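Here is what each chain is made of, one letter per residue.
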Amino acid sequence: MQFDPKILKTLRLNLSRDGGHLIIRSAAGREEVSEYSFGIEEEYFLADRETFEVAMQTPNELFEAANWSTGDLATREMLQAQLEVATNIHGDINDAREELKFLRREVAAVASQYGFVIMASATHPTASWRLSQPSPKVRYEEMIEDFKAVGHRNMVCGMHVHVQLPDADRRFAVMRAMIPYLPIFIALSTSSPFWNSADTGLKGYRLAAYDELPRSGLPELFENKQEFEEYVAALVKSGVMPDESYVWWGLRPSSRHPTLELRAPDVCTYVDDAVAIAALYRSLARYLYERPELSKRVTGVDRAIAVENKWRAQRYGISCIFVGKDGPVEIHDVLSTLIEQISEDAAKLTCQRELEDCKRILERGSSADAQLRIYRDNALNLTEVNRWIAETTAAGQMGAACSATEKAVI
């Protein structure tokens, strides 16, 4: 029997975590890979299974096993305390949801065999960054040598969403037009209220640490691909960085794929939150891609306001009030207006329900709100917060891991 080579390229084969059966999955979901297909990447902390304290050193064998178990979709990140997974390319939002659950289950099962749990939280509440160790990869070791303490402080985990936008110039138009919306994704995803065993007062502390890195924060107001390439060329020729993959803005063009990559959000403890935010980004990307002229309306003033709103999203999460040109704007109003604006695009992508799930995040709170509630309800015991993060990450969805009381955490 002969198989079409194109079909074979889209298959991912691996054993289930109990070794009982073979798993065959498609890289393209149910549809052909095309405009607006997407993928989700999540970073997790590895922590001791008994104490929930972060693991500063982790064996290569763990990552080799996780990579096999997930069909080549799990890998190390910058620090040994971190593990990253990446879904296949999808055209169907439900396929992406199921694969993300699958990836969490598989890497959690492998981690358990080595005495660890995985934790989907943008900061580990009790970890000390001063003890962090780089992963044994040349890229990461060189980065730590270059960044010194700032590199060690990069003990944070984010979520990245790629959306395919084939036309390069229009992709850059979308990047510029998307800048004012980035604070919304930050606010919805907040999962990092603690740092070095302290309540920071921020709902999303991750970006406060991450933005210490060079070439982070919001994208520059480049007009087109040529300006971006001139910028990259200047830094590469000057020996500042090897290539464009060292540009770490909260939104950037991928160096390997025809995609625009959202990098601003915290990793979400709840799977459904991750999928909802990915759907919101994908629908907005489609809306802006179909209307490239909108990029010309984004000015230096708009970017400056977005910088302020980014901070407000980090500080207040889903309770923030954004700066508007005509005065303060409630996040509920911003999100409702945005969802109405992109409703036709969401319908084309069959993800209207996921956009409504974004509203539900505002109603019951993000992971940061849940963590703070558990912290207060347990006499400021961060071990209980760590436990909740680990259990909720492994459960794969909100309802399986927290009570009705914990859901109402605003």
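Every value quoted in this text rests on a predicted model; they were computed, and no experiment measured them.

Asks: Just give me the short version of a negative patch on the surface, but keep the residues and values in it.
Replies: The grouping of E35, D167, D169 and E290 at the surface amounts to a negative patch. Mapped onto the secondary structure, D167 falls in the loop between strand 7 (159-164) and helix 6 (168-178). Note on D167: relative accessible area 35%, which makes it partly exposed.

Asks: Could you give an account of the packing of helix 12 (residues 331-341) against helix 14 (residues 352-364), with specific residues and numbers?
Replies: Here helix 12 crosses helix 14 at 175 degrees, and the two axes come no closer than 10 Å. In terms of orientation, helix 12 lies roughly antiparallel with respect to helix 14. Together, I331, H332, L335, S336 and I339 of helix 12 and L355, E356, C358, K359 and L362 of helix 14 make up the contact between the two elements. Within the contact of helix 12 with helix 14, the residues separate by chemical class into six nonpolar, two polar and two charged.

Asks: Residues and numbers for the pairing of strand 5 (residues 82-86), please.
Replies: Taking burial as the measure, the five residues of strand 5 include four buried ones, the bulk of the element. Two strands pair when backbone bridges link them, and strand 4 (residues 74-76) and strand 5 are joined in this way by three bridges, in the antiparallel orientation. Note that in strand 5 the partner of R76 across the bridge is L83. Between the antiparallel neighbours strand 4 and strand 5 lie five residues.

Asks: Account for helix 3 (residues 93-113), naming residues and giving values.
Replies: Because the α-helix completes a turn every 3.6 residues, residues three or four places apart line up on one side. Its 21 residues place the ends of helix 3 31 Å apart at the C-alpha level, agreeing with the 30 Å of an ideal helix rising 1.5 Å per residue. Burial runs high along helix 3: 16 of the 21 residues are buried. Between a side-chain oxygen at the N-terminus of helix 3 and the backbone nitrogen of N94 the separation is 2.8 Å; the capping residue is D92. Taken from the residues just after helix 3, G115 is the one with a positive phi, measuring 90 degrees.

Asks: Now, about the pairing of strand 7: what can you tell me, with residues and values included?
Replies: Burial of strand 7 is extensive: six of the six residues sit out of reach of the surface. Burial along strand 7 is two-sided: the residues M159, V161 and V163 and H160, H162 and Q164 are all buried. One ladder, built from five bridges, connects strand 3 (residues 38-48) with strand 7; its direction is antiparallel. Note that in strand 7 the partner of F38 across the bridge is V163. By the bridge criterion, four bridges tie strand 7 to strand 11 (residues 259-262) in an arrangement that is antiparallel. Bridging across to strand 11, H162 finds its partner in E261.

Asks: Give me the pattern of salt bridges: which residues, what numbers.
Replies: By the definition in use, this model includes 21 salt bridges. One salt bridge in this structure joins E354 and R353, with 3.3 Å as the shortest N-O distance. By relative accessible area, R353 is classed as partly exposed at 48%. Among the charged side chains, a salt-bridge network with shared partners connects R97, D272, R353 and E354.

Asks: Quick one: what's the story with empty space enclosed by the protein, residue by residue and with numbers?
Replies: Applying the stated rule across the entire model yields one cavity of 30 Å³ or more. Taken as a whole, the largest cavity encloses approximately 70 Å³ of empty space. Along the walls of the largest cavity sit 13 residues, with L207, G217, W249, G250 and A264 positioned nearest its centre. With three residues, helix 8 (residues 206-210) is the single largest residue contributor to the lining of the largest cavity.

Asks: Before we move on, can you summarise the packing of helix 10 (residues 271-289) against helix 12 with the specific residues and values?
Replies: Contact geometry of helix 10 with helix 12 gives a least axis separation of 10 Å together with a crossing angle of 55 degrees. By the angle class used here, helix 10 and helix 12 are oblique. For the element pair helix 10 and helix 12, the recorded crossing hand is left-handed. Of the residues in helix 12, those in contact with L280, L284 and Y287 of helix 10 are L335, L338, I339 and Q341. Grouping the amino acids of the contact of helix 10 with helix 12 by side-chain chemistry returns six nonpolar, one polar and no charged.

Asks: Explain unusual backbone geometry to me, and be specific about the residues and the numbers.
Replies: In this structure, R215 is a non-glycine residue whose phi angle is positive, near 55 degrees. Locating R215 in the fold gives a position in the loop between helix 8 and helix 9 (225-237). When its relative accessible area of 13% is taken as the criterion, R215 is described as buried. Even without a glycine there, the phi angle at T350 is positive, about 55 degrees. With respect to the element layout, T350 can be found in the loop between helix 13 (343-348) and helix 14.

Asks: Account for the layout of surface pockets, with residues named and values stated.
Replies: Approximately 1,200 Å³ is the volume found for the largest pocket. Along the walls of the largest pocket sit 47 residues, with E41, E84, H162, R256 and E261 positioned nearest its centre. For the lining of the largest pocket, the elements supplying multiple residues, two or more each, are strand 3, strand 4, strand 5, helix 4 (138-147), strand 7, helix 8 and strand 11. Counting residues per element, the lining of the largest pocket draws most heavily on strand 3, which supplies five residues. Taken as a whole, the second largest pocket encloses approximately 750 Å³ of empty space. Along the wall of the second largest pocket there are 24 residues; nearest its centre are P180, Y181, D302, V323 and V334.

Calculation rules
- Residues numbered from 1 in each chain as written.
- Predicted model: local features only at pLDDT ≥ 70, side-chain atom pairs only at ≥ 80, totals over all residues.
- Heavy atoms only, no water.
- Patch = residues over 30% accessible without salt bridge, like charges linked within 9 Å, V, L, I, M, F, W, Y side chains within 5 Å.
- Areas by Shrake-Rupley, 256 points an atom, 1.4 Å probe, with all protein chains shown as cover.
- Salt bridge = Lys/Arg side-chain N within 4 Å of Asp/Glu carboxyl O.
- Lys, Arg positive; Asp, Glu negative; His and termini not counted.
- Charge placed at Lys NZ, Arg CZ, Asp CG, Glu CD.
- Helix = DSSP H or I, 4+ residues; strand = E, 2+ residues; numbered from the N terminus.
- Buried < 20%, exposed > 50% of the residue type's maximum accessible area, 1.4 Å probe, protein only.
- Axes fitted to C-alpha atoms, helices over the stretch in contact; angles between N-to-C directions.
- Parallel < 35°, antiparallel > 145°, perpendicular 65-115°, else oblique.
- Contact = heavy atoms within 4.5 Å.
- Nonpolar A, V, L, I, M, F, W, Y, C, P; charged D, E, K, R; others polar.
- Pairing = 2+ DSSP bridges.
- Expected span 1.5 Å × (residues − 1).
- Polar contact = N/O pair within 3.5 Å; in protein donor to acceptor, adjacent residues only side chain to side chain.
- 1 Å grid on protein atoms, 1.4 Å probe; cavity = no way out; pocket = protein on both sides within 12 Å on 5 of 7 lines; lining within 4 Å.
- Points joined across faces, edges and corners; volume = space filled by probe spheres on them.
- Left-handed = near helix turned anticlockwise from the far one by under 90°.

Everything listed here is a matter of geometry and, on its own, says nothing about what the molecule does.
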